[in-house]
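# Chain and residue survey
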Amino acid sequence: MDSSGAPSPPAARDELMGAVEQMVRYVRRSAVTGGLSTAASSALARLGREGPVRLTDLARSEGVSQPSMTQLVTRLERDGLVRRAADRSDGRGVLVEVTAAGMDLYRTRRAERAAALEGLVAELTGPEQDAVRVALPALARVIQEPRTRPPVDNAREKHT
């Protein structure tokens, strides 16, 4: 939508989406410590931010099948980044939690991404920097508190 509330023309939407996709790719590629895949980095980040979670819930929130998440968690566990523990509230359930080494790696990768984003913002003009500093938190708020838009379908199978 433009400032009047009218839908954006397709060319403007395409330009905006292209810019967002380029920025996301750039920032993701900037996190190189640990050599994690995008899927492994995403799962580790979720565990680092949200704490222990059942494997089935982790798979659902990451938009992958349970067998795919099981394989991913096995690799992360082998690398000492996560561990599985019995769910104390349900003995049949298994929780996945980040280890101290995994938390250190999560923090390092997050700092790498933050530095990459800060570097990009530093190259903007003053007014552009101000606009980004207002727009990004506003978008994050809207993502966290959806009101009128349908939820993103994370149930689709994605490649890990």
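Above this text sits the structure in question.
Notes on the structure in this doc start here. Counting restarts for each chain: residues are numbered from 1 in the order of the written sequence. Confidence filtering applies because this is a predicted model: local features only for residues at pLDDT of at least 70, side-chain atom pairs given and counted only at 80 or more, and all residues used for totals across whole chains, interfaces and linings. The side-chain figures draw on all heavy atoms in the structure; neither hydrogens nor water molecules are used.

## Notes on the overall build of the protein chain
Helix and strand labels come from DSSP, where a helix needs a run of H or I of at least four residues and a strand needs a run of E of at least two; each type is numbered from the N terminus. When helices and strands are tallied, the protein chain shows six helices and three strands. Shown N-terminal to C-terminal, the secondary structure of the protein chain runs as helices and strands in the order α-α-β-α-α-β-β-α-α. Residues classed as buried in the protein chain amount to 27% of the 160 residues present. Looking at the protein chain as shown, the accessible area adds up to about 10,900 Å², and 56% of this sits on carbon and sulfur atoms. When accessible area is computed with a 1.4 Å probe and restricted to protein chains, residues below 20% of their type maximum are described as buried, those above 50% as exposed, and intermediate ones as partly exposed. Note on areas: Shrake-Rupley with a 1.4 Å probe; residue coverage comes only from the protein chains shown.

## Here we look at the pattern of salt bridges
A pair is scored as a salt bridge if a Lys or Arg side-chain nitrogen falls within 4 Å of a carboxyl oxygen belonging to Asp or Glu. Enumeration according to the criterion identifies six salt bridges in this entry. With a shortest N-O distance of 2.7 Å, Glu-97 and Arg-83 are connected by a salt bridge. Of the two residues, Glu-97 is situated in strand β3 (residues 90–98) and Arg-83 in strand β2 (residues 82–87); the sequence distance between them amounts to 14 residues. We classify Arg-83 as partly exposed; its relative accessible area is 39%. Bridged by salt links that share partners, the residues Arg-46, Glu-50 and Glu-62 form one connected network.

## Brief notes about the packing of helix α2 (residues 38–50) against helix α3 (residues 55–62)
Relative orientation of the contacting elements α2 and α3 amounts to 120 degrees, with a least axis distance of 11 Å. Judged by the inter-axis angle, α2 sits oblique to α3. As α2 runs across α3, the sense of the crossing is right-handed. Each of Ser-42, Ala-43, Arg-46 and Leu-47 in α2 lies in contact with α3, whose residues at this interface are Leu-58, Ser-61 and Glu-62. Considering only residue class, the contact of α2 with α3 consists of three nonpolar, two polar and two charged. To obtain an axis, a line is fitted to C-alpha atoms, over the contacting stretch when the element is a helix, and the angle between two such axes runs from 0 to 180 degrees between their N-to-C directions. Note that the term roughly parallel is reserved for angles under 35 degrees, roughly antiparallel for angles over 145, roughly perpendicular for angles of 65 to 115, and oblique for everything else. Each crossing gets its hand from how the near helix is turned against the far one by less than a right angle, where anticlockwise is left-handed and clockwise is right-handed. Note on definitions: a residue-residue contact is assigned when non-hydrogen atoms from the two residues lie within 4.5 Å. Note on residue classes: Ala, Val, Leu, Ile, Met, Phe, Trp, Tyr, Cys and Pro are nonpolar, Asp, Glu, Lys and Arg are charged, and everything else, Gly too, is polar.

## Regarding α2
Its 13 residues place the ends of α2 18 Å apart at the C-alpha level, agreeing with the 18 Å of an ideal helix rising 1.5 Å per residue. Those residues of α2 that fall on the buried side of the exposure criterion are Ala-39, Ala-40, Ser-41, Ala-43, Leu-44, Ala-45, Arg-46, Leu-47 and Gly-48. Packed against the buried residues of α2 are β1 (53–54), α3, α4 (66–78), β2, β3 and α5 (100–122). Once α2 finishes, Gly-51 follows within two positions and takes phi at roughly 85 degrees, a positive value. Helices are assigned an expected span. That span is 1.5 Å times one less than the residue count.

## What to know about the nonpolar core
It is characteristic of soluble globular proteins that their nonpolar side chains tend to be buried jointly. Core analysis: the largest hydrophobic core is formed by 22 residues, its most contacted members being Leu-36, Leu-44, Met-69, Leu-72, Val-73, Leu-76 and Val-82. Counting residues per element, the ones that place at least two in this core are α2, α3, α4, β3 and α5. Counting residues per element, this core draws most heavily on α2, at six residues. Other than its neighbours up to four places away in sequence, Met-69 contacts Ala-43, Leu-55, Leu-58, Ala-59, Glu-62 and Val-64. Throughout this description, the term nonpolar core refers to a set of buried Ala, Val, Leu, Ile, Met, Phe, Trp, Tyr and Cys residues connected via side-chain atoms within 4.5 Å.

## Points about the sheet that holds β1
On the basis of which strands lie adjacent, the open sheet formed by three strands has the order β1-β3-β2 and antiparallel pairing. Each end of this open sheet is capped by a strand with a single partner; those strands are β1 and β2. Pairing analysis gives two bridges linking β1 to β3, with the strands arranged antiparallel. Of the residues in β3, the one forming a bridge with Arg-54 is Leu-95. Lying over the sheet, α2 contacts β1, β2 and β3, oriented at roughly 105 degrees with respect to β3. α4 rests against β2 and β3 of the sheet, and its axis sits at about 115 degrees to β2. Should DSSP find at least two bridges between two strands, the strands are taken to pair.

## Concerning a nonpolar patch on the surface
On the surface, a nonpolar cluster with roughly 560 Å² of combined accessible area is contributed by Leu-16, Met-17, Val-20, Met-23, Val-24, Leu-136 and Leu-139. Counting only elements with at least two residues in the nonpolar patch, the list comes to α1 (10–30) and α6 (126–144). Element by element, the count of residues in the nonpolar patch is highest for α1, at five residues. Tracing the sequence through the fold places Met-23 in helix α1. Relative accessible area serves as the criterion here: at 31%, Met-23 is assigned to the partly exposed category. Only residues whose relative accessible area exceeds 30% and that form no salt bridge enter a patch; like-charged residues are grouped when within 9 Å of one another, and nonpolar side chains (Val, Leu, Ile, Met, Phe, Trp, Tyr) when within 5 Å.

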